[in-house]
Each structure stands twice: as structure tokens, then as C-alpha cells.
Amino acid sequence: MKVIIRNNSAEGSLWAAHHIADRIREKAARTSEPFVLGLCTGSTPIETYAELIRMVKAGELSFKNVISFNMDEYAGLPESHPESYHSFMHRYLFDHIDEPAENIHILNGNAPDPAAECAAYEEAIVKAGGFDLFLGGVGEDGHIAFNEPFSSLSSRTRVVTLTRDTREVNSRFFGGDFNQVPKQALTVGVATVLGSREVVILAFGSKKARALKDAIEGPMSHYCTLSGLQSHPDGVIVCDELSVGELKVNSYRYFKAVEEAENL
Ligand code: GLP
């Protein structure tokens, strides 16, 4: 696992956006196969998306041959709700880039048969060729996508019940009313994310410090599902100084030394 520590979220977001753009361009230079990209929601990726949009508008990058799959969606929330992940993704990314509509995949949180929806999602990912890169965030309790504590590290796309903590944290998007936050969600599993050829996780701010400590220094455990990244051969956490405040000094120094030595 690599940990890229930047001064602040703006610098970390730029690193992530340029890294994703480089990967898309590299693949385009060697094959006509589409680039399969996993995407996330939350406040964390917004600055990364803004830079990707800037690059597309400047003609530096194209999503024409990108196929994307989002991580998750609330169950039972209308797609048109401003806080659905469908709305979020269109507002912060899809409405501003050139990705063809048919290449965009987001789980249907209102599917009549949610289990079938989840199984079809896994099949569609395989059919697309599997993920080249999965961009994710992390919850304050270390969850990746909506894989709450006690989700199996071998989990696949399925319906999950959200923890009270997650609903409270996410209530800020629902007028501060915890009761308005859906109780369940459809989410890719930990194994779905880890099946990607590369995983890039964003984490900014002191609220993520405990999650990063557990994920980076703790044991691999279903209690902090991001810790599953420890088993991935190409996992990167892009973070800022505040979010690594709980790491041991020696861990911090090592990651900074790697950054310097490898010119990351
Ligand atoms: C939700 C999403 C996660 C996201 C997390 C953190 O729980 N399902 O994918 O990583 O929120 O959100 P934020 O970036 O707003 O801190």
C-alpha cells in the first residue's frame, strides 16, 4: 500500500485527478479497449471531479472511451432526490464531461428485485472487462463504499443496512434530520473494489484520522473495511496532513520517504 500525503485536500485532489487522467490516457495510447473506472460520492471527491472537468473542458482529457460504475446508492430514495447518488454524480461530474450516457452505471436503489439488480451489476462489471481503477473515499468508521463494519472482506454487490453512525454523519445532506437518511443502500462489496487492477482512496481532514490509522496500521479486519486494501497489490491512499494525525511518527516518516524516493 502506498500513502501519498499532501499538505491539504486541494493538493491531494489535484494529485488524484492527474493520476486518473494519466491512467486513462496511458490505456488509450496502447489499446482501443475502454477504461473501466469505479467512482464514488461524498464531499471528498468533489475537488478531484472539478479538476477532471477542467481537463475535459480544456481538451486535455476525454471520457468518450470510459465506462464507469459507481460504488453505491441509497435504497428507496427517488433518483430525482437531490441527495441521491444519481443526482450527485450528474451534478458534480457527468453533466460536465463527455462520457456517453450509456457508459454510466449507477445501482438502481429502487429496483423491484434488489438482489437481481446487484447480481446484474457484478455481471456488467465483468462484461466491461473489470475495473482498471477504482476511486473511493472512506467513512469516519473506515467503511469503503457502504461496506459498514462487519461487512465481509469477501463481500460482493448487495443490499446493506447502514449503521446509525453513518446515518448521523450523512444527515448533514438531509437537513440534519437523521430520520430522512435511508436505512439501507445497495453497494459494491469489498471484494468488488479490491478486484480492481488499481484502487485509489481519498481521505481528507481530521475526521478521517481514526479510519486511516485503523486501515493502515491496524490488522486487516471486517471492523474497518478499508483495511482490506492491505491485501491489494496496487492500493494507494491519497490524503492530507490532518487525516494522518493518528499515524505513528515512524509510519508517517516512511510514507514521506517513499514519496520522495519514488517521486510520487
Ligand atoms: C458515504 C459513501 C462513501 C463515502 C463516505 C464518506 O458513506 N457511501 O462512499 O466514502 O460517505 O463521505 P465524505 O466524503 O462526505 O466524507
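Just so it is clear, the model here is predicted, and its values are computed rather than measured.

Some words on the nonpolar core
Right, so step 1: In terms of nonpolar packing, the biggest core is built from 69 residues, with Tyr49, Phe63, Leu226 and Ile237 touching the most fellow members.
Right, so step 2: Looking at which element gives the most residues to this core, the answer is helix α1 (residues 9-30), with 6 residues.
Right, so step 3: Excluding anything up to four places from it in sequence, tyrosine 49 contacts Leu39, Cys40, Phe88, Met89, Tyr92, Leu93 and Leu135.

Concerning the site of the ligand
Right, so step 1: As a matter of local geometry, the ligand sits amid 14 residues, with Ser43, Thr44, Asp72, His143 and Lys208 nearest to it.
Right, so step 2: In the environment of the ligand, an oxygen atom lies 2.4 Å from a nitrogen or oxygen atom belonging to the side chain of threonine 44.
Right, so step 3: Within the side chain of lysine 208, a nitrogen or oxygen atom sits 2.7 Å from an oxygen atom of the ligand.
Right, so step 4: Here the ligand, which alone exposes 390 Å², has 94% of that area covered by the protein.

Quick look at helix α3 (residues 85-92)
Three or four residues apart is the spacing at which side chains of an α-helix point the same way, because the helix has 3.6 residues per turn.
Right, so step 1: Of all the residues in α3, the buried ones are Tyr85, His86, Ser87, Phe88 and Met89.
Right, so step 2: Each element contacted by the buried residues of α3 is listed here: β2 (35-39), α2 (46-57), β3 (66-70), β4 (72-74) and α5 (164-170).

As for the pairing of strand β8 (residues 184-187)
Right, so step 1: Summarising the sheet, β4 and β8 pair through 3 bridges and their orientation is antiparallel. Residue aspartate 72 lies in a different strand from β8, and its bridge partner there is threonine 187.
Right, so step 2: Pairing between strand β7 (residues 158-161) and β8: 4 bridges, direction antiparallel. Pairing of valine 159 across the sheet is with leucine 186, part of β8.

Calculation notes
Residues numbered from 1 in each chain as written. Predicted model: local features only at pLDDT ≥ 70, side-chain atom pairs only at ≥ 80, totals over all residues. Heavy atoms only, no water. Core = buried A, V, L, I, M, F, W, Y, C linked by side-chain atoms within 4.5 Å. Buried < 20%, exposed > 50% of the residue type's maximum accessible area, 1.4 Å probe, protein only. Helix = DSSP H or I, 4+ residues; strand = E, 2+ residues; numbered from the N terminus. Contact = heavy atoms within 4.5 Å. Near = heavy atom within 4 Å. Polar contact = N/O pair within 3.5 Å; in protein donor to acceptor, adjacent residues only side chain to side chain. Areas by Shrake-Rupley, 256 points an atom, 1.4 Å probe, with all protein chains shown as cover. Pairing = 2+ DSSP bridges.

Coordinates in, geometry out; function isn't part of it.
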